[in-house]
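Single-letter residue listing:
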Amino acid sequence: MTRKHVSLTPEELRFTCDENCIPFKTTDEAPVLQGPLGQERALKAIDFGLRMKGPGYNIFTVGIPGSGRTSTVTTMVRERASSEEVPLDWAYVYNFESPRNPTALSFPPGQGRVFVKQIKELIDLLKISIPGALEDREFENSRNRIIEQVGRENASDFEEFQKLARQRDYAFEKVENEFAFIPLRDGVKMQQEEFNSLPEDLKSTYGDALHELQKRFMEVTKAAGKRDTEMRKQLEVITKEHVDKTIKPLVGRLVKDYPDNAKVHKYLELLTADLVENFPQFLPGHAELRIHLTGETETSEAPFARYHVNLVVDMGSQEGSPVVHENHPSFQNLIGKMEYLFHSGVATTSYEQIQPGALHLANGGYLILDALEVLRSPFAWEALKNSLMSGRIKIEDMGEQYRMFAAVTLKPEPIPLAIKIILIGSPYIYYQLLAYEEDFKKLFKVKADFGGTMKRTDEAVRDYSTYIASLCREEKLLPFDLSAMGAVIEHGVRLAEDQSRLTTSFYRVGDLVRESSFWANEEKASMVSRSHVNRAINERKHRYNMVEERIGELIEEGTLMVQTRGQVVGQVNGLSVYSMGDYQFGKPTRITAKVFLGKSGMVNIEREVKLSGSIHNKGVLIVSSYLAMRYAKDFPLGLSSSVTFEQTYDEVEGDSATAAELIALTSALAEVPAYQNIAITGSMDQHGRIQPIGGVNEKIEGFFASCRDHGLDGDEGVVIPRANMKNLMLSDEVVQAVAGGKFHIYTVETIDEAIEILTGTIAGERDSEGNFPEDTYNRKVEDRLRKMAEQTKGRNEEEMEPEEEEEGEEDQAGGNGTDLP
């Protein structure tokens, strides 16, 4: 005689949305959605993190993809940033004192571009003003006076020298561009033949005079050269003074525009000095002369390149503080880079080639980053961490530390960093950083945790409907009627795997809304209804379930041997979930057990061949422990047994088959067959209590599909943990089969309940004397185990007897007093 076990009613198998909870008939009538849904904890944490000032109060947003974490964070950050002050502009300029270290200048927002324009206009103006100043009449007179004075002094010396030459009977004249001494006789120039015919003593006199004149000429020339040098110095001094008088008033106007900016004042001071020192580059023909002398092929702007201003951060058009979402946070994209120009195979750079990174662009505001992308990019995490800890953005050459030899490059002045970083990542990444990055706790003190589900309240249902309506408006989709909104909400419950909750994976919900609208359009409907939502769900399933269908075909063909009729000793249909990454489904698996005499205990065949995961191994050990606790109270277990998942060639993981494994094993012990038209899933503890499992809907639907393919006769069903009732959101096909009495869902809390359903026998409880009733399932198991224990004990005693006889003979020999050496 067996107890009657009642299966679940159709109403208990899924949540059905009450359309009265939706306060509008179509999405066209719905209000605009205000804020994100179902993430109160995360919203509170983000708000705290955004408003909290202090070092290290950056935010790590934790959540699964599609939970709305990125869109929520971006919306909240932009809303707060819009009311904050606009940060400073930043520019790099030439460092006249140390050219390898470009100087960073800051300006009030919008003044950076003004400064760039002012410097350009200054240089353009000086190209006209400096040549014009040097053509000034007063300057020209001053210059001429110096030149004329030196000319007069040189002419006087030359005139005196010529007089001395005549006194020594020599004429000093310029012959063919060279000065020459010509001997005179009676004031008349002598020809060479005439000079050669002179007496030797007279020639000697002329020679002495020539030597004296040459020496004197060197003195005159040296004095003239000295005067020329002094003249050039004087001319340079007065020219620079005149240029300085031209430049300073122009630069002075700029200084007045930046009264409190000391670094700009210092730069303009050094700029003025450099302009005065290098004023010739502003003169006409200077570039052509430079090209002629050096062979360089520079443009007309090249001499003035060091006066350009490289505006790396321009906040002139910014409203509020900046919000930057860097999708590719590489090392250079974060901290900036120096670009190189190649000319004749040589790479060169300058401060003009400095490019800003995301930290520059978000400085004074907010930077949103994907944590996984940061960790994937070489050196990106270190660069981000170092910038936050130092409070500076230091542009570095990433390859510098890998070069065999040091290379000369620029080292721009670091820029002060004041920023709020928001990292977005999965729980796994968060806890890995927490465990292995010692500075992580110091830098990211705020955790915003996005849950995967939200409570299914009436308010939540209304908000869900509003979300559907907002998406329809935003993307111009067809409107949804009440039935369609209800179907989407029910699918949200299915995704949450809990009748009391809704999923917050809104990208999946959003895809269903879009696809439902698409199929409604295909059918020329003016509004989306439940049928269109169901079609979208089924069409999506069909796109992804090729493997599921193929496995179903193999079961139907008998290649994968799964029985759905009859009874078999030591065999139970367990249920497994197959995950394909983007799709998961359930299918039955034969779990078989064999028992025989021995002392090896319970052997997990999957474990022996290394196809068993650690959690599954734990489940097998729990089964072994339960056997000893439940049945072997006054005798030792003396058995060997094996349990396996038949026709399974991948790793078996999880403990959801613990109940099935125990029933298969005890069925073999009790020699009581188990129904093959009823499958079971459920974890079990050491006390025999059935614990909840995951994937319950997929498992039930998987076994239902196998039974349907073999033909339903009304006795098929599935046993699940009672704790999983709230997780049921079964398909309409399964619910209709249950309503028609073609399929059954049973729930159990203990393994004994499951045994009774799968074997059709009474499990049995111990009486006051500690015995199971006769002919009960547990009594049969215990009797078989007791018998096996006795058989094992008898066999052990038989094996021990020969050894005892040999020991007796040895004792007797020793008793005769025989001495052994």
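How each quantity is defined
- Residues numbered from 1 in each chain as written.
- Predicted model: local features only at pLDDT ≥ 70, side-chain atom pairs only at ≥ 80, totals over all residues.
- Heavy atoms only, no water.
- Helix = DSSP H or I, 4+ residues; strand = E, 2+ residues; numbered from the N terminus.
- Rg over C-alpha atoms; globule rule 2.2 N^0.38 Å.
- Buried < 20%, exposed > 50% of the residue type's maximum accessible area, 1.4 Å probe, protein only.
- Contact = heavy atoms within 4.5 Å.
- Areas by Shrake-Rupley, 256 points an atom, 1.4 Å probe, with all protein chains shown as cover.
- Lys, Arg positive; Asp, Glu negative; His and termini not counted.
- Charge placed at Lys NZ, Arg CZ, Asp CG, Glu CD.
- Pairing = 2+ DSSP bridges.
- Axes fitted to C-alpha atoms, helices over the stretch in contact; angles between N-to-C directions.
- pLDDT = per-residue confidence, 0-100.
- Salt bridge = Lys/Arg side-chain N within 4 Å of Asp/Glu carboxyl O.
- Phe/Tyr/Trp six-rings, centres within 6.5 Å; stacked < 30°, edge-to-face > 60°.
- Lys NZ or Arg CZ within 6 Å of the ring centre and 35° of its normal.

**Details of the overall build of the chain**
In terms of regular secondary structure, the chain is built from 26 helices and 30 strands. Taken against the 2.2 N^0.38 rule, which gives 28 Å for 821 residues, the C-alpha radius of gyration of the chain at 49 Å runs more than 25% over that of a compact globule. Taken over the C-alpha atoms alone, the chain extends approximately 165 × 105 × 50 Å along its principal axes. Of all 821 residues assigned to the chain, the portion counted as buried reaches 45%. Look at the contacts in the chain between residues 6 or more apart in sequence, and 77% of them connect residues 24 or more apart. Split by element, the accessible area of the chain, about 43,200 Å² in all, is 50% carbon and sulfur. For the chain, the centre of its 95 positive side-chain charges and the centre of its 130 negative side-chain charges are spaced 6 Å apart.

**A closer look at the sheet that holds strand E5 (residues 178-185)**
Spatial ordering of the open sheet is given by E4-E5-E6, a layout of three strands whose pairing is antiparallel. This sheet does not close on itself; its edge strands, each paired only once, are strand E4 (170-175) and strand E6 (188-189). Along the sheet face, helix H4 (residues 137-167) touches E4 and E5 and points at about 130° away from the line of E4. Helix H6 (residues 200-257) rests against E4 and E5 of the sheet, and its axis sits at about 145° to E5.

**With respect to the pairing of strand E1 (residues 59-62)**
Burial along E1 is two-sided: the residues Ile59 and Thr61 and Phe60 and Val62 are all buried. Here E1 pairs with strand E17 (residues 446-449) via four bridges, running parallel. Bridging across to E17, Thr61 finds its partner in Ala448.

**Structural notes on the confidence of the model for the chain**
The predicted structure's coordinates, where accompanied by low pLDDT, should not be read in detail. On average, residues of the chain carry a pLDDT of 88, and 93% of them reach 70 or more. Low pLDDT (under 50) marks residues 289-300, which in the prediction has six contacts with non-local residues, meaning those over four places away or in another chain. Note on residues 803-821: pLDDT under 50 across the span, and one contact to partners over four residues away in sequence or across chains.

**So, the pattern of salt bridges**
According to the stated counting rule, one finds 47 salt bridges in the structure shown. Between Glu277 and Lys240 there is a salt bridge, and its shortest N-O distance comes to 3.1 Å. Taken together, the positions of Glu277 in helix H7 (residues 262-277) and Lys240 in helix H6 put the pair 37 residues apart, joining distant regions of the chain. Among the salt bridges present, the one from Glu437 reaches Lys385, with a minimum N-O distance of 3.5 Å. Of this pair, Glu437 sits in the loop between helix H13 (427-436) and helix H14 (440-443) while Lys385 sits in helix H12 (residues 380-390), placing them 52 residues apart in sequence. Each member of the pair, Glu437 as well as Lys385, carries the same accessibility label: buried. Connected through shared salt-bridge partners, Glu382, Lys385, Glu437, Asp439 and Lys442 make up one network.

**Re the environment of Ala789**
As for its placement among the helices and strands, Ala789 is situated in helix H26 (residues 777-815). Look at Ala789 and you get buried, because its relative accessible area is 9%. When the C-alpha positions of Ala789 and Lys599 are compared, they lie 9.5 Å apart, and in sequence the two are 190 residues distant. Excluding anything up to four places from it in sequence, Ala789 contacts Phe635, Pro636 and Gly638.

**Brief notes about the sheet that holds strand E7 (residues 310-313)**
As summarised here, the arrangement of the three strands in space is E3-E2-E7, forming an open sheet in which the pairing is antiparallel. At either end of the open sheet lies a strand with only one pairing partner, and these are strand E3 (103-107) and E7. Taken pair by pair, the neighbouring strands of this sheet meet at an average axis angle of 30°, ignoring direction. Bridge count between strand E2 (residues 89-93) and E3: five bridges; the pairing is antiparallel. The residue of E3 that forms the bridge with Ala91 is Leu105. The strands touched by helix H3 (residues 111-134) within the sheet are E2, E3 and E7, with E3 carrying the most contacts at an inclination of about 120°. Across the face of the sheet, H7 comes into contact with E2 and E3 while running at roughly 130° to E3.

**What to know about the packing of aromatic side chains**
Inspection of every chain in the model, using the stated rule, returns 30 aromatic pairs. With a centroid separation of 4.8 Å and an interplanar angle of 35°, the aromatic rings of Phe107 and Phe115 are classed as tilted. On the numbers, 6.5 Å between centres and 85° between planes, the contact of Tyr626 with Tyr631 is edge-to-face. Tyr626 sits in the buried class, given a relative accessible area of 2%. Classification of Tyr631 by relative accessible area gives buried; the value is 0%. These aromatic residues form a ring-pair network of at least three members: Tyr94, Phe96, Phe107, Phe115, Tyr258, Tyr267, Tyr307 and Tyr351. Looking at Lys127, its charged tip hangs above the ring of Phe304, at a distance of 4.6 Å from the centre. Geometry around Phe15 places Arg456 over its ring, the cationic atom sitting 3.9 Å from the centre.

**Digging into unusual backbone geometry**
A positive phi angle, near 60°, is found at Asp169, a position not held by glycine. One can find Asp169 in the loop between H4 and E4. With a phi close to 70°, Phe379 is a non-glycine residue in the positive phi region. Within the element layout of this structure, Phe379 appears in the loop between helix H11 (371-376) and H12. For Phe379, a relative accessible area of 30% puts it in the partly exposed group.

**With respect to the environment of Pro284**
The residue Pro284 is located in the loop between H7 and helix H8 (286-294) in this model. When the C-alpha atoms of Pro284 and Trp90 are compared, they prove to be 34 Å apart, with 194 residues separating the residues in sequence.

**Quick look at the environment of Met725**
Inspection of the secondary structure puts Met725 in the loop between strand E29 (717-721) and helix H24 (732-739). Expressed as a C-alpha distance, the spacing of Met725 and Ala262, which sit 463 residues apart in the sequence, is 73 Å. Sequence-distant contacts of Met725, that is, excluding residues within four places in its chain, are made with Leu8, Glu12, Gln499 and Thr747.

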